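So you can see what is in the structure, the chains are spelled out below.
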Amino acid sequence: MLMEMKDFYDYAREISKLRSAMSLIAWDMRTKIPPKGVKDRSEVVGKLSRMAFEMATSPKAAEFVEYFNRPKIHDSLNEVDRRNVDLMTKYYRRQKSIPADKIEKFSILCSKGESIWQEARRESNFAKFQPILEEIVEYLKEFAELYGYEENRYDALLDEYEPSTTTKDVKNVIDGLKKDLVPFMQKIYKAKAPDDRILNGNFDKSSQEKLSVEVLKAMTYDFEGGRLDETAHPFTIGIGPGDVRITTKYDPRDLRPSFFGTMHEGGHALYEQGIAEEHQGTMVGMGASMGIHESQSRTWENMIGRSRAFWNFFYPTLVKIFPQYKDVSVEDFYKAINVVKPSLIRIEADEVTYNLHIVIRFEVEEALINDRVKVADLPELWNSKVKEYLGIEPSNDAEGVLQDVHWSGGQMGYFPSYMLGNIYAAQFFATAKKEIPNLEALISSGDLKTFREWQREKIHRHGALYDPKDLVMKVTGQPLTHKYFMDYITEKFSEIYGI
Ligand code: ZN
């Protein structure tokens, strides 16, 4: 029997249409849905996701996978077609490696896990969360065995979020950070911190929203192909071609969560908006990995959003919307938004300490999955690591081991992507600076488009055409190293802290 790539793509696009419907519902459920609608809508999502799963693992999908992987046929495909086949094959095999009833039981367990975790966190009571977390970890270990791996059981979990990246790769980066970042951070702690009290105040919501819209426009986010809304836990979601939405949240006493959160989500959105049209609706039509996605958001949030060059141009816009800043110099403002303070809470961490929060999580997860520690030992292990790396101690589990939602939803292997995102971001940005020699001057003058075009050309348009490792090599000409991140951090914060 002869099969055509056209049929393969038609099939992939059918699945993608179901995903698009699920994304729209997901957006609605996190922004606008009235409480009474939640129950029924969850059932709609369940139905759609079963349909998508069935299509991706159907006999038809099996035929495509078998046919296009025949060596002669596979070799004759062009780069994009071959990549689409490889991605579908990988997804198909991963889904098929686990019995369907196990997947279903696991997803029920995880939705229960999330509500138990919420209670446990509210009461700061790890014992309440422990039994279900033990069950989740058992499932994950079993899944890892079924997926298969070469060296480390944790590799099998990591692969879902950071394809082709191994535990060893992550450890390499971490070793570098421990050696270079930890001592640098201690130097900062000893130095005199800039005054950041100017960041406290009253900031009405509609003005904050105006500011968010202004910065998204400056970033060249396309409002004809997206929108900005409010939510409790901000996210970006690509609903389909021409519809990539951003959400943010407004704190009436602090501009930072909405402003930098919007830039962060805007960075994710530019990635999604920049994927080439030919890839839309195919397996390649998404980000290369969670980490590469995070690198794009981190670049905008930190390397641009917390840079002097950016505020040289954007400060007048801030002052226009919040006149209380008219007597604050841009220099004082720049320093205030770059204060480094060890925090117990990952999502409140600054650029310097953030990665250490990930180091803690990675080390804990990797030990759990490989049976070197027990779930019951987590609070103690967690607290000792926080003390070791950040020099502070949680006073309860809510601000310690219970703070993140990920484990309750069955996501282990995800955290390293946050750290890798920062490391990729610094390496990409260093390359951009080399290739656009006047980049800083352009940013100072308000031209963010030149850099956006660079990102689009080098990274965005390709979608998932390359694995992260290959993409890093292609864009920067060398494998991933923590060196660029350290250079960036050292240069920026030595100057701010005068050390
Ligand atoms: Zn993000």
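Residues numbered from 1 in each chain as written. Predicted model: local features only at pLDDT ≥ 70, side-chain atom pairs only at ≥ 80, totals over all residues. Heavy atoms only, no water.

1. Some points on the coordination of the zinc ion
Within the protein, the zinc ion binds to His-264 (NE2), His-268 (NE2) and Glu-294 (OE); these donor distances fall in the range 2.1 to 2.3 Å. Sequence positions of the residues that donate to the zinc ion give the spacing H-x3-H-x25-E. Of this pair, His-268 sits in helix α11 (residues 256-274) while Glu-294 sits in helix α12 (residues 290-304), placing them 26 residues apart in sequence. The pair formed by His-268 and Glu-294 is uniform in burial state, with each residue classed as buried. (Donors = N, O, S within 2.8 Å, 3.2 Å for Na, K, Ca; no water. Helix = DSSP H or I, 4+ residues; strand = E, 2+ residues; numbered from the N terminus. Buried < 20%, exposed > 50% of the residue type's maximum accessible area, 1.4 Å probe, protein only.)

2. Some points on the domain arrangement of the protein
Considered domain by domain, the protein is made up of domain 1 (5-148) and domain 2 (167-497). For the domain 1 and domain 2 pair, buried surface summed over both sides reaches about 3400 Å², with 65% attributable to carbon and sulfur atoms. When the buried area of domain 1 at its contact with domain 2 is split by residue, Trp-27, Arg-83 and Phe-126 rank highest and sum to 20% of it. The tally of links between domain 1 and domain 2 comes to three salt bridges. Here Lys-32 ties to Asp-229 by a salt bridge, and the two come within 3.4 Å at their closest N and O atoms. At the level of secondary structure, the elements contributing two or more residues to the side of domain 1 that touches domain 2 comprise α1 (5-31), α5 (79-96), α6 (100-123) and α7 (126-147). Of all the elements, α1 adds the most residues to the side of domain 1 that touches domain 2, at eleven residues. The class makeup of the residues in the side of domain 1 that touches domain 2 is 19 nonpolar, nine polar and nine charged. (Domains from an automatic or database assignment. Buried area = accessible area lost by both parts, 1.4 Å probe. Salt bridge = Lys/Arg side-chain N within 4 Å of Asp/Glu carboxyl O. Nonpolar A, V, L, I, M, F, W, Y, C, P; charged D, E, K, R; others polar.)

3. Describing the environment of Arg-19
Of note, Arg-19 is situated in helix α1. Look at Arg-19 and you get partly exposed, because its relative accessible area is 33%. For Arg-19 and Ile-239, which are 220 residues apart along the polypeptide, the C-alpha to C-alpha distance reads 8.1 Å.

4. Quick look at the environment of Asp-350
Relative to the elements of secondary structure, Asp-350 occurs in the loop between α14 (330-336) and α15 (354-369). A C-alpha to C-alpha distance of 25 Å links Asp-350 and Ala-288, two positions 62 residues apart in sequence. If we ignore the near neighbours within four places in the chain, the residues touching Asp-350 are Val-339, Val-340 and Lys-341. A distance of 2.9 Å separates the side chain of Asp-350 from the backbone nitrogen of Lys-341, its partner in a polar contact. Among the polar contacts listed, one links the side chain of Asp-350 to the backbone nitrogen of Val-352, at a separation of 2.9 Å. (Contact = heavy atoms within 4.5 Å. Polar contact = N/O pair within 3.5 Å; in protein donor to acceptor, adjacent residues only side chain to side chain.)

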